[in-house]
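A look at the structure
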Amino acid sequence: MLIDRNLPPTVLRFLFSWYRDQELVVRWNADISASFNVSNGVRQGGVLSPILFTVYIDELLQRLSRLGIGCQLGGHSVCALGYADDIAPSPSAMRILLKECEVFASEFDITFNASKTQLICFSNRPMTLPNGVFRFNGVALQFTDIVTHLGHTLHRKLDDEVDIAQVTSAMCRKANYLLHTFSGCDMRVKANCDPLPLTI
């Protein structure tokens, strides 16, 4: 895939060597495990990891877009936003998108974790959605009322209350931490802590 994008051979050799020879350790508090070799995946938290993942998954996103099903926004397909998010306007469209993901996974030796896959149907109307209507890699997918996406909590009814409560709680924890941390400081130290301007 990187060769198809005309990446310079030097960069390709560097990436190949970097990922072929990688050794990792696990740190748990003060303890560090023995090193072990890792031969697949990208480095968690690595600067290049999101870019390499995007290049790798781009073919799947293009395939899903070419199907011409799912949601459209401004003439562009948004049936798959990347990072494992499919959007479909109907059950039949969702089944086709899931099937294409299975075909891609088989061709490129990817394992999608179906047990971590959830479905959410956004609507203000009360509805009962039966589990098992959709299957992915032979696993029945479960519906949920709440999902976390990019750090935000999304509710089936498009209600922001849960997300706002979580953000507010996190802000209060941080404020209390700061108050506790600086409570014993001398007034001269506190006087030198210039508050940041608040912009809204």
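The text that follows walks through the structure, step by step, so that each part is easy to find. Everything numeric here is computed off the predicted structure, so don't read it as measured data. (Residues numbered from 1 in each chain as written. Predicted model: local features only at pLDDT ≥ 70, side-chain atom pairs only at ≥ 80, totals over all residues. Heavy atoms only, no water.)

Points about the overall build of the chain
- Along the chain, the regular secondary structure elements total 5 helices and 12 strands.
- Per-residue burial for the chain yields a buried fraction of 20% across its 200 residues.
- Sequence separation of 24 or more characterises 44% of the internal contacts of the chain that already satisfy a separation of 6 or more.
- Only carbon and sulfur atoms are counted for the fraction: they give 59% of the accessible area of the chain, which is about 15,300 Å². (Helix = DSSP H or I, 4+ residues; strand = E, 2+ residues; numbered from the N terminus. Buried < 20%, exposed > 50% of the residue type's maximum accessible area, 1.4 Å probe, protein only. Contact = heavy atoms within 4.5 Å. Areas by Shrake-Rupley, 256 points an atom, 1.4 Å probe, with all protein chains shown as cover.)

Describing helix H2 (residues 49-66)
- Here H2 contains 18 residues, and its C-alpha end-to-end distance of 26 Å stays within 8% of the 26 Å for a straight helix at 1.5 Å per residue.
- The largest bend along H2 measures about 45 degrees and falls at isoleucine 57.
- Residues Ser49, Leu52, Val55, Ile57, Leu60, Arg63 and Leu64 constitute the buried set of H2.
- On its buried side, H2 packs onto helix H1 (9-20) and helix H3 (91-108).
- Two residues or fewer past H2, glycine 68 is found with a positive phi of approximately 70 degrees. (Expected span 1.5 Å × (residues − 1). Bend = angle between axes of the 7 residues up to and from the residue.)

Comments concerning the nonpolar core
- Of all hydrophobic cores here, the largest spans 19 residues; its most connected members are Leu60, Leu64, Leu98, Phe134, Phe136 and Leu141.
- Residue assignment for this core shows that the elements contributing at least two residues are H2 and H3.
- Counting residues per element, this core draws most heavily on H3, which supplies 7 residues.
- In this view, leucine 60 contacts Glu100, Cys101, Phe104 and Phe112; residues no more than four positions away in its chain are not counted. (Core = buried A, V, L, I, M, F, W, Y, C linked by side-chain atoms within 4.5 Å.)

Here's the deal with unusual backbone geometry
- At aspartate 109, a position not held by glycine, the phi torsion is positive, near 55 degrees.
- The residue aspartate 109 is located in the loop between H3 and strand E7 (118-119) in this model.
- Although it is not a glycine, asparagine 137 sits at a positive phi angle of roughly 55 degrees.
- With relative accessibility at 39%, the residue asparagine 137 sits in the partly exposed group.

So, the side chain of arginine 156
- Topologically, arginine 156 is positioned in the loop between strand E12 (152-155) and helix H4 (161-182).
- Using a relative accessible area of 8% as the deciding quantity, one classes arginine 156 as buried.
- Setting aside anything within four residues of it in sequence, one finds arginine 156 in contact with Ile120, Cys121, Phe122, Ser123, Arg125, Pro126, Met127 and Asp145.

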